[in-house]
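Notes for the structure review
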Amino acid sequence: MKRFWRTLAWGAMATALLIIGLLVYATVNGRLIWFRSLQSVVITENGKAVVGSLHQSKAGHVFILTRRLSQRTESYWIVLPGDRPGNVSGCGEWSAPGLPLFFISSLTPPCFLPSKEGPGSTPYGPSDRRLVVGHSTLAFVADDGKQLQSSWQ
């Protein structure tokens, strides 16, 4: 019986090391984007505080802001201006997990929705989000037209 538990423990350890190795390999090759939760974040909606979270990518130029509404949660993918203009896109049905650290695939990020085509098609969310970026602050217009602002330390 002791041999069974020892074999099981070695098997579990080998599996854990394999998974960790695959995560490291995928991260080094740019296949995974890691996000960490920022602490002391205040999110406001039209000037009133709301419940939510803000995650920042390891590289620091991508954020995911999530606000918790009464019936659902809603996330926004925010790319800071740099070589290209800044961009905000709604994530549709997907919302960021409430974990302090998580990763997503860079091959198929969840917030890039396919654009609708054809006559009468409408884009996802407003076309002008009016993204404003300051030192430890972000502000933009949400899908419902409300002004969202987040600040952190």
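All residue numbers refer to position in the chain's written sequence, counted from 1. Since the coordinates come from a predicted model, pLDDT governs what is reported: local features require at least 70, and pairs of side-chain atoms require 80 or more to be given and counted, while whole-chain, interface and lining totals use all residues. As a convention, hydrogens and water are excluded, and side-chain values are obtained from all of the structure's heavy atoms.

Quick notes on the sheet that holds strand β2 (residues 42-45)
- In spatial order, the strands read β3-β2-β11-β10-β9; together these five strands make up an open sheet with antiparallel pairing. At either end of the open sheet lies a strand with only one pairing partner, and these are β3 (48-50) and β9 (132-134). Along the sheet, successive strands turn relative to each other by an average axial angle of 20 degrees, direction set aside. DSSP-based pairing: two strands are paired if at least 2 bridges between them are found. Runs of H or I in DSSP of at least four residues are treated as helices and runs of E of at least two as strands, each being numbered from the N terminus. Here an angle of 0 to 180 degrees is reported between the N-to-C directions of two axes, which are lines fitted to C-alpha atoms, with helices fitted over the stretch in contact.

Examining the sheet that holds strand β7 (residues 87-90)
- Pairing is antiparallel in the open sheet, where six strands are placed in the order β7-β6-β5-β4-β1-β8. In this open sheet, the two edge strands, each paired with only one partner strand, are β7 and β8 (101-105). For this sheet the average axis-to-axis angle between neighbouring strands, irrespective of direction, equals 25 degrees.
- Here strand β6 (residues 73-79) runs beside β7; their pairing, made up of four bridges, is antiparallel. The residue bridging W77 from the neighbouring strand is S89, located in β7.

Observations concerning the packing of aromatic side chains
- In this scheme Phe, Tyr and Trp rings, the latter by its six-membered ring, pair at centre separations within 6.5 Å, and the angle between planes marks the pair as stacked below 30 degrees, edge-to-face above 60, and tilted otherwise. Summed over all chains, the structure comprises six aromatic pairs.
- With a centroid separation of 5.3 Å and an interplanar angle of 70 degrees, the aromatic rings of F4 and W5 are classed as edge-to-face.
- The partly exposed category is assigned to F4, whose relative accessible area is 47%.
- Between W34 and F103 the ring centres are 5.0 Å apart and the planes differ by 55 degrees, which places this aromatic pair in the tilted class. Here W34, found in strand β1 (residues 32-37), pairs with F103, found in strand β8; they are 69 residues apart in sequence, far enough to count as distant.
- Members of the aromatic cluster, joined through ring pairs, are F35, W77 and F102. A simple rule labels every residue: compare its accessible area, found with a 1.4 Å probe on the protein chains alone, to the largest value its type can have, and call it buried under 20%, exposed over 50%, or partly exposed in between.

A short note on a nonpolar patch on the surface
- Taken together, the side chains of M1, F4, W5 and L8 present a nonpolar region at the surface, about 510 Å² in accessible area.
- Turning to its location among the elements, F4 is positioned in helix α1 (residues 2-28). Residues forming no salt bridge and having over 30% relative accessible area are the ones grouped into patches, like charges within 9 Å of each other and nonpolar side chains (Val, Leu, Ile, Met, Phe, Trp, Tyr) within 5 Å. Under the convention used here, a 1.4 Å probe and the Shrake-Rupley method define accessible areas, while residue burial counts only the protein chains that appear. The salt bridge criterion pairs a side-chain nitrogen of Lys or Arg with a carboxyl oxygen of Asp or Glu, the two atoms within 4 Å.

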